[in-house]
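The residues making up each chain are set out below.
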Amino acid sequence: MTQAPGSGPPPVVGLRREREVLTVALDAGRHVVIEGPPGTGKSTLLRAIARDSGRDVIFVEGNAELTPARLIGQHDPSQVLAAGYTPATFTDGPLLEAMRRGALLYLEEFNRVPEETLNVLITLLTEGEITVPRLGTVRASPQFRLIAAMNPFDAVGTARVSHAIADRICRVVLGYQDEAAERAITTAVTGLSGEPVDLAVALTRATRAHPDVRMGSSVRGSIDLVLLLTGLQRLRGHSSLDRDTARDATHAALSGRIRIADGCDRTPESVLDEILNGLWPAPEDPAADGQQGGQQDGERPGERPAGGGGKAGGPPRA
Ligand SMILES: Nc1ncnc2c1ncn2[C@@H]1O[C@H](COP(=O)(O)OP(=O)(O)O)[C@@H](O)[C@H]1O
Ligand SMILES: [Mg+2]
């Protein structure tokens with residue numbers, strides 16, 4: 001659960017202003033919520049700041065099962081039977097651990113945490129201490145900070161975080177980065193570059209702009225797509241990317257990551273075929289009707305013309 005400072009998170013691409021604000025907020029003793037869609041670098045940013053400042057981070061996944069006892073800690077029932085309620089029978093949860101050690105408590109999916117559990121935090125944020133039944137009052141070390149993270153567009157099992165909480169923390173908002181930054185991120189994570197990265201990032205970004213898609217893929221989709229593209233290319237013994245490989249990799253990397261708009265009865269695959277076709281038109285083929293991408297499994301589409309960038313050529317170039 002603990003990330004030791006210095007253990008290998010990737011370098012942060014961009015986000016300079018957000019990083020400055022978050023650093024200063026933490027130095028000033030403030031608690032912070034980082035808001036942004038999945039994959040926009042919330043955890044990466046937090047890890048980098050923790051590493052730079054030599055702080056420990058304790059990670060907690062927020063969900064409906066995160067009760068106050070799970071967050072704070074609890075007495076072990078069998079030990080209580082033997083010894084009664086003593087501090088020794090109490091096992092610290094992540095909150096008490098972070099408070100005692102002066103660590104950052106990174107609470108992800110903050111808006112999925114039950115209200116009862118969030119209420120524990122209200123007192124803590126105001127008083128710097130909490131009172132635990134049959135344990136007593138625990139005071140937070142001065143270095144303790146709460147860093148919450150959430151996706152503001154998360155519609156599953158979420159409630160609005162109450163004003164009482166919001167009034168006690170600062171807010172840093174992250175959004176999708178531009179295309180060049182997403183290429184740099186994909187390269188940093190995969191160690192790959194060039195045409196497969198350009199194609200993967202372009203395809204992934206296009207899912208966010210497509211009218212039939214409610215929620216497009218994050219840069220995590222680009223990262224997986226590059227790995228599948230290059231891996232398939234290797235497995236198939238191809239010296240250059242071909243469209244069939246691009247299509248297989250795109251379906252596998254992105255179809256589960258996009259959400260089709262309500263009321264639209266298309267499949268993710270048909271949308272992805274359309275997007276691929278826009279970026280890398282299928283070769284002239286009577287079976288290809290553009291909209292559906294045309295190819296049947298087993299068909300061998302033409303290789304992308306060498307050099308790319310032509311009219312019916314490969315992925316777009318920068
Ligand atoms: N600004 C960034 N710099 C470096 N890597 C990033 C950046 N944004 C996202 N990533 C990479 O994308 C993936 C998702 O990032 P993450 O920080 O886990 O997103 P979030 O916590 O917002 O869901 C990780 O592999 C991460 O390395
Ligand atoms: Mg995260």
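Report on the accompanying structure.

About the criteria used
- Residues numbered from 1 in each chain as written.
- Chains lettered and ligands numbered in written order.
- Predicted model: local features only at pLDDT ≥ 70, side-chain atom pairs only at ≥ 80, totals over all residues.
- Near = placed C-beta within 6 Å.
- Helix = DSSP H or I, 4+ residues; strand = E, 2+ residues; numbered from the N terminus.
- Nonpolar A, V, L, I, M, F, W, Y, C, P; charged D, E, K, R; others polar.
- Buried ≥ 20, exposed ≤ 12 C-beta atoms within 10 Å, placed from the backbone.
- Pairing = 2+ DSSP bridges.
- Expected span 1.5 Å × (residues − 1).
- Contact = placed C-beta atoms within 7 Å.
- Core = buried A, V, L, I, M, F, W, Y, C linked by C-beta atoms within 7 Å.
- Arc of directions from axis to C-beta.
- Axes fitted to C-alpha atoms, helices over the stretch in contact; angles between N-to-C directions.
- Parallel < 35°, antiparallel > 145°, perpendicular 65-115°, else oblique.
- Left-handed = near helix turned anticlockwise from the far one by under 90°.

1. Observations concerning the site of ligand 1
For step 1, the next point in the chain: Every one of the 19 residues lining ligand 1 counts as a neighbour, but V13, G41, K42, S43 and T44 are closest to it.
For step 2, the next point in the chain: Those elements that place two or more of their residues in the shell around ligand 1 are α2 (42-53), α8 (179-190) and α10 (219-235).
For step 3, the next point in the chain: Classifying every residue of the shell around ligand 1 gives ten nonpolar, seven polar and two charged.

2. A short note on the pairing of strand β6 (residues 104-108)
For step 1, the next point in the chain: Buried residues dominate β6, accounting for five of its five residues.
For step 2, the next point in the chain: Neither face of β6 is open: one carries L104, Y106 and E108, the other L105 and L107, and all of them are buried.
For step 3, the next point in the chain: In this sheet, β6 lies alongside strand β3 (residues 57-61) in parallel orientation, the contact comprising five bridges. Within β6, the position partnered with V60 by the bridge is L107.
For step 4, the next point in the chain: Pairing analysis gives four bridges linking β6 to strand β9 (residues 145-150), with the strands arranged parallel. Directly across from Y106, in β9, lies its bridge partner I147.

3. Description of the environment of L199
For step 1, the next point in the chain: Tracing the backbone through its elements, the reader meets L199 in helix α9 (residues 195-209).
For step 2, the next point in the chain: For the pair L199 and L276, spaced 77 residues apart in the sequence, the C-alpha separation amounts to 9.3 Å.

4. Some points on helix α11 (residues 243-254)
For step 1, the next point in the chain: Along its twelve residues, α11 runs 16 Å from first to last C-alpha, staying within 8% of the 16 Å computed at 1.5 Å per residue.
For step 2, the next point in the chain: Looking only at α11, the buried set comprises R243, T245, A246, R247, A249, T250, A253 and L254.
For step 3, the next point in the chain: As for α11, its buried residues are in contact with α9, α10 and α12 (268-279).

5. Remarks on the nonpolar core
For step 1, the next point in the chain: Of all hydrophobic cores here, the largest spans 40 residues; its most connected members are I34, L46, L104, L105, Y106, I147 and A148.
For step 2, the next point in the chain: With five residues, the single largest contributor to this core is β9.
For step 3, the next point in the chain: Ignoring sequence-local partners within four residues, the contact set of L105 consists of I58, V60, P94, L95, A98, L146 and I147.
For step 4, the next point in the chain: Formed by 27 residues, the second largest nonpolar core is a distinct cluster that contains V13, V201, I258 and L276.

6. Observations concerning α8
For step 1, the next point in the chain: With twelve residues, α8 should reach 16 Å at 1.5 Å per residue; the first-to-last C-alpha distance of 16 Å fits that figure.
For step 2, the next point in the chain: Those residues of α8 lying buried are E182, R183, I185 and T186. Around the axis of α8, the buried residues are gathered within 160° of arc, so they sit on the same side.
For step 3, the next point in the chain: For α8, the secondary structure elements touched by its buried residues are α9 and α10.
For step 4, the next point in the chain: Looking one or two residues beyond α8, the residue adopting positive phi is G191, at roughly 75°.

7. Side note on the packing of α8 against α10
For step 1, the next point in the chain: Following both chains from N to C, one finds α8 and α10 inclined at 55°, their axes separated by 9 Å at the closest point. Looking at the two axes, α8 sits oblique to α10. The hand of the α8/α10 crossing is right-handed. Contact residues: E182, I185, T186, V189 and T190 in α8; V219, S222, I223, V226 and L227 in α10.
For step 2, the next point in the chain: Class assignment for the residues of the contact of α8 with α10 results in six nonpolar, three polar and one charged.

8. Focus: the environment of E274
For step 1, the next point in the chain: With respect to the helices and strands, E274 occurs in helix α12.
For step 2, the next point in the chain: Of the residues examined, E274 has 17 C-beta atoms within 10 Å and is grouped as partly exposed.
For step 3, the next point in the chain: A C-alpha to C-alpha distance of 9.7 Å links E274 and H210, two positions 64 residues apart in sequence.

9. Examining the environment of R243
For step 1, the next point in the chain: As for its position among the elements, R243 is in helix α11.
For step 2, the next point in the chain: In this structure R243 comes out as buried when scored by C-beta crowding, with 22 C-beta atoms within 10 Å.
For step 3, the next point in the chain: Once the C-alpha coordinates of R243 and W280 are considered, the two residues, 37 residues apart in sequence, prove to be 7.7 Å apart.

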